[in-house]
Every structure is written in C-alpha cells, then in structure tokens.
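Chains, contacts and geometry: an overview
Spelled out, the chains give:
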Amino acid sequence: MSATALPAPAGAARITIRLVLAGIVLVLAALPILNALPESHALHVSDFIVTVGGKWITYAILALAIDLAWGYAGILSLGHGAFFALGGYAMGMHLMRLIGPRGVYGHPVLPDFMVFLGYKELPWYWLGFEFFPYALFMAMFVPGLLALIVGWLAFRSRITGVYFSIITQAMTYALMLAFFRNDMGFGGNNGFTDFKELLGMPLRSANARATLFYASLVLLLISLWLCWRIAESKLGRVLVAIRDAESRVRFLGYDVTQHKLFVFVVSAVIAGLAGALYVPQVGIINPGEFSPGNSIEAVIWVAVGGRGTLLGAILGAFSVNALKTWLTTVAPDLWLFALGGLFVAVTLFLPRGLIGLITKAPGR
Amino acid sequence: MSGGAGNPILYLDGVSVVFDGFRALNNLSLFVEQGELRAIIGPNGAGKTTMMDVITGKTQPTAGIVKFRDHDLTRLDEATIANLGIGRKFQKPTMFDALTVFENLELALKAPRGPWACLTWILGSDARARIEEAAEEVGLAARLRDRAGVLSHGQRQWLEIGMLLMQDPELLLVDEPVAGMTDQETEHTAALLRRIAGARSVVVVEHDLEFVRALGSKVTVLCEGSMLSEGSIDHVQNDPRVIEVYLGR
C-alpha cells in the first residue's frame with residue numbers, strides 16, 4: 001500500500017472543519033422544526049425533505065464507519081453494505097413483530113409472509129425481536145460478530161488490500177443470495193414492509209419522523225465522536241502505521257491482527273446501527289440492500305468527501321446523494337455513468353476529496 | 001568455532017533455509033554474547049538478511065536451532081519476538097511517513113501493545129522524556145515535530161535506530177545502517193552503535209569495511225549461507241579464504 005501521507009490539518013483548517021461541521025449540524029437540526037411550521041409559511045420544509053434528510057444521515061454514518069476502517073487502517077471493505085443491511089433486518093424484524101394481528105392475514109403472531117409460506121410457528125431466531133432493546137442489541141451484535149469472523153479469518157492469514165476487498169464483496173453477495181431465499185425466514189425477495197409503528201409511535205406520524213430524524217443525528221454525532229476519539233489516540237496512529245507499512249508495525253511488537261479486528265468490528269457495529277435507523281425511515285428492507293453495488297457506492301461517498309478525515313465522509317455522503325437525487329430525476333439513465341465518472345475524476349483531480357478544497361493547507 | 005565462554009544471548013546452531021532448492025542458509029552456527037557488539041559481513045547473497053529474517057520470525061528455518069535466551073524463536077511470530085526484546089532495523093529504512101518523528105518514536109516506545117491499551121494511552125512526562133532523550137541520542141531532537149517523510153536518508157537511518165532504542169531491546173539487529181551515508185554520518189553512526197552496545201547486544205550487518213573497522217568489534221564473515229571466518233577485523237582480512245571469496249573480487 002503506497003504511503004499517501006494525509007497531513008494533519010493545520011490550525012486554521014481545523015477551525016474551518018469545525019465550522020463546517022457545526023453548520024451541517026445546525027441546518028440538519030432545524031429541518032424537523034421548519035417542518036412543523038404551517039405549510040403556507042415561507043420557511044416550511046416538506047415531510048419528504050425530513051425523511052430524505054434522515055435517510056442521508058444514516059448514509060453519512062455508514063460512510064463514517066467505512067472511513068474509520070479504510071481511511072485510517074487501510075482496510076478497504078467493499079461489503080460494508082452487508083453490515084448496514086443486517087442492522088436494518090434486525091430492526092425490520094422488530095417492526096414486523098409489532099404489526100401483530102393487523103397483517104393482511106390477521107395472524108396474531110406470524111408476519112404475513114410466514115402465513116403465506118405456510119409457517120406454523122415463529123422460527124427460533126425470531127424469538128425476542130418483539131422487544132426493542134433486544135432488536136437494537138442484535139442490530140449491533142450480528143454485524144459485529146460477522147465482522148469478527150470474516151476479519152479474523154482474513155487478517156490472521158494476512159489477506160490485505162484488494163484481496164480483502166474481493167472477499168468482502170463476496171460476503172455481501174453471498175448474503176444477498178441467502179436472503180433472497182424464502183426458506184431463510186426473512187421474507188425472501190420482498191423482505192419486510194408495511195410497518196405500522198415503533199415505540200408506540202405510528203411510523204407515518206410527524207412525531208415519529210422527527211424522532212427518527214433526531215435519533216439519526218444523535219447517532220451521527222456519537223459515531224463521529226467515537227471515530228474521532230480513536231483517530232486522535234495512539235490507536236489511530238497505530239492504524240495509520242498499519243495502513244502505510246503493516247509488516248513494520250509487526251516488527252515493533254504490535255499484534256496487527258488484533259488492531260485491525262478491533263477497528264473492523266467497531267466499524268461494522270456503527271454501520272449496523274445506521275441500518276437499524278435507516279429501515280424505519282424508508283419503510284422497507286429487502287435483499288437488494290446487500291447488493292455489491294450499494295457497498296461500492298458507499299465507498300465512493302468516502303472517496304469523494306476525502307478519506308481519512310471523518311468529516312469528509314459525511315460531506316461525501318450528503319453531496320453524492322444530493323447529486324443522485326437530482327440526476328435520477330432529471331436523467332435516470334445517466335446516474336451510473338455519472339457515479340463512475342465522479343470516482344475517476346475525484347481520484348485524478350481531487351485526491352484529498354472535497355475536504356481538501358476547504359482545508360487547503362498551504363505548503364503541505 | 002566462536003569460543004565464547006559465557007552464556008550466549010543469541011544462539012544459532014546448524015540453521016538451514018532452503019527456498020525452492022536454493023540454500024539461502026547452509027548449516028549456519030552463530031553465538032552472540034550478552035552486551036556484545038558483532039559485525040557480520042559477506043558478499044551479496046551470503047545470507048545476511050535471511051539470517052535476520054530467521055531470528056525475527058519472518059522466515060521459518062528448514063532445519064536447525066534458533067534460540068534467544070531460553071526461547072525457541074522458530075515457533076514464535078514477529079510481534080512476539082519483538083516483545084521478547086529483539087529489535088530490528090531494516091536495510092531500507094522503513095518508518096511511518098505520515099507520522100511525525102515524535103509519533104514514530106512514541107509508537108516504538110515500550111508500552112502495552114493491545115488496541116484497548118493504545119486507545120486509552122496517555123503520554124506521561126517520563127515517556128515524553130524518554131522519547132526526547134532518544135531523539136537527542138540519534139541527533140533528531142530538533143526534528144521531533146516534522147513528519148518522517150521529509151527527513152533525509154541519513155536522518156531516516158537514525159530515526160530507525162532511535163525507534164530501536166525506544167523498544168528497549170536486549171538484542172538489536174541492525175541491517176546496513178550506513179548505506180548511502182556521508183563519511184561524517186558514518187562516523188557518527190559507528191560511535192552511536194558503540195555507545196549502545198554494552199548495555200545491549202548489537203548485531204550489525206554491513207558492507208562498508210571502514211565502518212566495520214570503526215566499530216572495533218568481532219567480525220563474522222558469511223559466504224553462501226555458512227560461516228567462513230570469525231575474529232578481529234585484521235584476522236578476517238588476512239584470512240586467505242575470505243580474501244578469495246570476498247575481498248579479492
């Protein structure tokens with residue numbers, strides 16, 4: 001891995017970064033409040049914008065998780081969408097259990113798709129998901145455990161770089177195929193939808209919208225703080241050292257496998273939580289969320305924003321998704337070409353990403 | 001053979017390494033005493049770097065015994081061997097260019113190495129003093145805040161030696177420390193290594209015979225993976241076999 005030195009931002013740049021972050025948070029925090037204004041008001045923000053904003057925040061959290069692993073430790077996972085989707089499925093299972101007898105078939109316990117597929121009782125791995133804390137725990141535990149197993153097998157065997165990326169692609173692809181199967185007990189092709197409520201709030205209510213939005217914003221800030229805390233500690237410097245010269249770190253007496261596993265699992269847990277907040281806001285989860293393209297797109301957000309900077313990941317997630325929303329309305333067929341072109345252009349002309357534009361530190 | 005009386009800190013006996021039929025090391029035996037400074041010379045391909053790889057766990061020997069104090073090094077991985085107290089400076093200086101000189105030394109500093117310990121690590125005043133002391137020792141005190149990527153070649157070599165000192169090893173393996181250095185830098189490095197030896201054992205692999213002479217230590221000559229001669233620099237320079245394979249070329 002080449003030593004792409006990412007200089008620590010100088011004093012002025014650090015202030016710029018904080019200002020940009022504060023600006024983003026303030027604008028976002030204002031959205032649900034402006035949504036509550038009467039529709040005739042000039043500053044009124046539509047329900048659609050709040051929902052899309054909340055969705056993008058969960059994307060930004062996913063980008064942050066990728067940046068922690070890729071930007072600092074050099075672990076390029078092209079399967080982070082799988083951790084996001086697993087977190088989403090855990091929350092989806094909770095939401096399905098809350099539907100109760102209000103399903104189309106009116107079965108008191110079984111979700112509609114199980115009745116349709118002839119299930120007689122709830123599979124054992126669905127037990128407990130009617131409890132919100134358990135579902136939230138599983139949204140962290142399952143992605144974390146998967147990252148622990150895949151990471152342990154790969155890092156222990158010193159599989160790095162592009163080989164690791166390919167393995168993670170295969171991981172998310174395999175999960176997609178598995179979740180497509182009806183007999184997995186996760187709704188197959190159709191996944192989960194028709195959710196009714198969460199924590200007693202009807203999902204379509206303004207109250208639920210604002211609550212989920214603020215929960216996402218708080219999770220974004222907590223994740224940012226956690227990633228920043230890791231990046232600024234000696235562990236962060238060990239990770240940068242692993243990124244730039246892995247075997248040298250071993251000769252200094254560090255167990256590289258442990259450090260990579262630690263950061264990979266933390267990253268997967270953050271991605272899982274982001275997925276858990278994504279699903280109630282978009283109202284659906286299906287195996288398409290595991291598609292390899294999703295994971296690659298999330299990596300492009302980070303590359304566009306500027307890797308190894310944390311804030312860059314957030315900026316990238318927002319700006320690429322803004323571009324996507326606009327372009328898929330204007331010229332839907334062009335989106336994938338635009339995405340590919342964007343990645344090439346950023347790599348060639350903006351190697352430090354968007355964040356490089358605002359923190360252009362002189363002389364570095 | 002070596003004739004060392006005491007208890008060797010490093011003990012290689014009958015070590016062979018075979019890569020696809022090529023014998024990189026051939027029945028090599030070597031003993032290094034506590035506190036000894038030892039120079040190892042030999043033509044290209046003599047097995048000097050392979051020997052370092054075997055000691056530090058990078059390469060598994062095909063046959064033979066490799067012991068550090070009472071530890072069988074052939075069964076341990078790189079990180080474990082490093083933590084036992086064997087530090088290595090590579091032929092090509094390798095450090096972390098994105099980090100500052102201070103941060104490079106801090107990473108090398110002997111301290112708990114686990115992820116959690118690193119996350120909760122707080123730089124104390126005695127750790128800071130040790131880092132500054134080592135930087136002073138290798139002549140980089142004025143460069144602590146500079147990124148390692150901007151150092152000159154000679155300074156990079158010294159930073160590597162500084163990082164070795166931070167690990168507080170009992171045995172230092174130093175691979176070609178003066179390659180590409182000016183005469184003055186070479187002298188400075190010889191003096192530095194002489195100062196370090198005594199409290200620790202130091203094994204230096206080098207091509208530069210003037211530098212080896214300046215070290216004033218016992219010299220081992222390797223050739224085709226085996227020991228050819230051993231003794232003072234004058235002894236080996238007058239050994240006809242050494243003259244034939246190495247110096248006479």
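Residues numbered from 1 in each chain as written. Chains lettered and ligands numbered in written order. Predicted model: local features only at pLDDT ≥ 70, side-chain atom pairs only at ≥ 80, totals over all residues.

**As for the overall build of chain B**
Secondary structure summary: chain B contains 10 helices and 10 strands in total. By principal-axis analysis of the C-alpha atoms, chain B measures approximately 55 × 40 × 35 Å. Split into buried and exposed, the 249 residues of chain B put 47% on the buried side. Nonlocal contacts in chain B, meaning residues at least 24 apart in sequence, comprise 68% of its contacts between residues at least 6 apart. (Helix = DSSP H or I, 4+ residues; strand = E, 2+ residues; numbered from the N terminus. Buried ≥ 20, exposed ≤ 12 C-beta atoms within 10 Å, placed from the backbone. Contact = placed C-beta atoms within 7 Å.)

**Some points on the overall build of chain A**
Helices and strands together make up the secondary structure of chain A, namely 13 helices and 4 strands. Relative to the globule expectation of 21 Å for 364 residues, the C-alpha radius of gyration of chain A, 21 Å, shows essentially globular dimensions. With the principal axes as the frame, chain A shows a C-alpha extent of 65 × 55 × 40 Å. By the burial criterion, 46% of the 364 residues in chain A qualify as buried. Across chain A, contacts joining residues at least 24 apart in sequence account for 77% of those joining residues at least 6 apart. (Rg over C-alpha atoms; globule rule 2.2 N^0.38 Å.)

**Quick notes on the interface of chain A and chain B**
Facing the 23 residues of chain A at the interface are 24 residues of chain B. At the level of elements, helix H8 (234–251) and helix H9 (256–282) of chain A are the ones that each hand at least two residues to the side of chain A that touches chain B. Tallied by class, the residues present in the side of chain A that touches chain B amount to 13 nonpolar, 4 polar and 6 charged. (Nonpolar A, V, L, I, M, F, W, Y, C, P; charged D, E, K, R; others polar.)

**Thoughts on the packing of H8 of chain A against H9 of chain A**
All names here are of chain A. Running from amino to carboxyl end, H8 crosses H9 at an angle of 155°, the nearest separation of the two axes being 10 Å. In terms of orientation, H8 lies roughly antiparallel with respect to H9. Like other packed secondary-structure pairs, H8 and H9 cross with a definite hand, here left-handed. In this structure, H8 contributes Val238, Leu239, Ile242, Glu246, Val249 and Arg250 to the contact, and H9 contributes Val256, His259, Lys260 and Val263. For the contact of H8 with H9, the per-class residue count stands at 6 nonpolar, 1 polar and 3 charged. (Axes fitted to C-alpha atoms, helices over the stretch in contact; angles between N-to-C directions. Parallel < 35°, antiparallel > 145°, perpendicular 65-115°, else oblique. Left-handed = near helix turned anticlockwise from the far one by under 90°.)

**Focus: the sheet that holds strand S1 (residues 8–19) of chain B**
Residue and element names in this part refer to chain B. Spatially, S2-S1-S4-S5 is the arrangement adopted by the 4 strands of the open sheet, whose pairing is antiparallel. With one partner strand each, in any of the chains shown, strand S2 (22–33) and strand S5 (71–72) form the two edges of the open sheet. Bridging between S1 and S2 involves 8 bridges; their strand directions are antiparallel. The residue bridging Leu10 from the neighbouring strand is Val32, located in S2. (Pairing = 2+ DSSP bridges.)

**As for the confidence of the model for chain A**
Per-chain confidence: chain A averages 90 in pLDDT, with 96% of residues scoring 70 or above. Low pLDDT, under 50, characterises residues 1–7 of chain A; the predicted model gives this stretch 15 contacts beyond four residues in sequence or across chains. (pLDDT = per-residue confidence, 0-100.)

**Re the packing of helix H3 (residues 101–108) of chain B against helix H6 (residues 153–166) of chain B**
Residue and element names in this part refer to chain B. Close contact between H3 and H6 brings their axes to 7 Å; oriented N to C, the two are set at 35°. Two packed elements cross with a definite hand, and for H3 against H6 that hand is right-handed. In this structure, H3 contributes Val101, Asn104, Leu105 and Ala108 to the contact, and H6 contributes Leu159, Gly162, Met163 and Met166. Classifying every residue of the contact of H3 with H6 gives 6 nonpolar, 2 polar and no charged.

**Comments concerning helix H7 (residues 206–232) of chain A**
The end-to-end C-alpha distance of H7 of chain A is 39 Å, a good match for the 39 Å that 27 residues give at a rise of 1.5 Å each. Those residues of H7 of chain A not exposed but buried are Arg209, Leu212, Phe213, Ser216, Leu217, Leu219, Leu220, Ser223, Leu224, Cys227 and Ile230 of chain A. Buried residues in H7 of chain A make contact with helix H1 (11–35), helix H2 (47–72), H8 and H9 of chain A together with helix H4 (115–119) of chain B. (Expected span 1.5 Å × (residues − 1).)

**Concerning the nonpolar core**
Judged by nonpolar contacts, the single largest core of 178 residues is most densely connected at Ala60, Ala63 and Leu64 of chain A. Per element, the largest residue contribution to this core is 17 residues, and it comes from H9 of chain A. Both domains that meet at this core, namely domain 1 (1–85 + 169–249) and domain 2 (94–167) of chain B, each give it at least three residues. Excluding residues that lie within four positions of it along the chain, Ala63 of chain A makes contacts with Ala298, Trp301, Val302, Gly305, Ala313, Ile314, Gly316 and Ala317 of chain A. (Core = buried A, V, L, I, M, F, W, Y, C linked by C-beta atoms within 7 Å. Domains from an automatic or database assignment.)

**Notes on the domain arrangement of chain B**
Residues and elements named next belong to chain B. Here chain B is described as being made up of domain 1 (1–85 + 169–249) and domain 2 (94–167). Computed from C-alpha coordinates alone, the two centres of domain 1 and domain 2 are separated by 26 Å. Contacts between the two partners involve 10 residues from domain 1 and, on the opposite side, 8 residues from domain 2. Residue assignment for the side of domain 1 that touches domain 2 shows that the elements contributing at least two residues are helix H2 (78–84) and helix H7 (183–196). Classifying every residue of the side of domain 1 that touches domain 2 gives 6 nonpolar, 3 polar and 1 charged.

**Digging into the pairing of strand S6 (residues 86–89) of chain B**
All names here are of chain B. Side chains of S6 alternate between two faces, with Ile86 and Arg88 and Gly87 and Lys89 buried alike. Sheet topology note: the S6/strand S7 (residues 171–175) ladder contains 4 bridges and is parallel. Looking at S7, one finds that Lys89 is bridged to Val174.

**Section: the sheet that holds strand S3 (residues 37–41) of chain B**
All names here are of chain B. What the 6 strands build is an open sheet, ordered S6-S7-S8-S3-S9-S10; its pairing is mixed. Edge positions in the sheet fall to S6 and strand S10 (226–231), since each of these pairs with one other strand and no more. Shown here is a sheet whose adjacent strand axes are inclined to one another by a mean of 20°, direction ignored. Two elements, S3 and strand S9 (residues 218–223), share 4 bridges in a ladder whose sense is parallel. Bridge pairing in S9 places Arg38 opposite Lys218.

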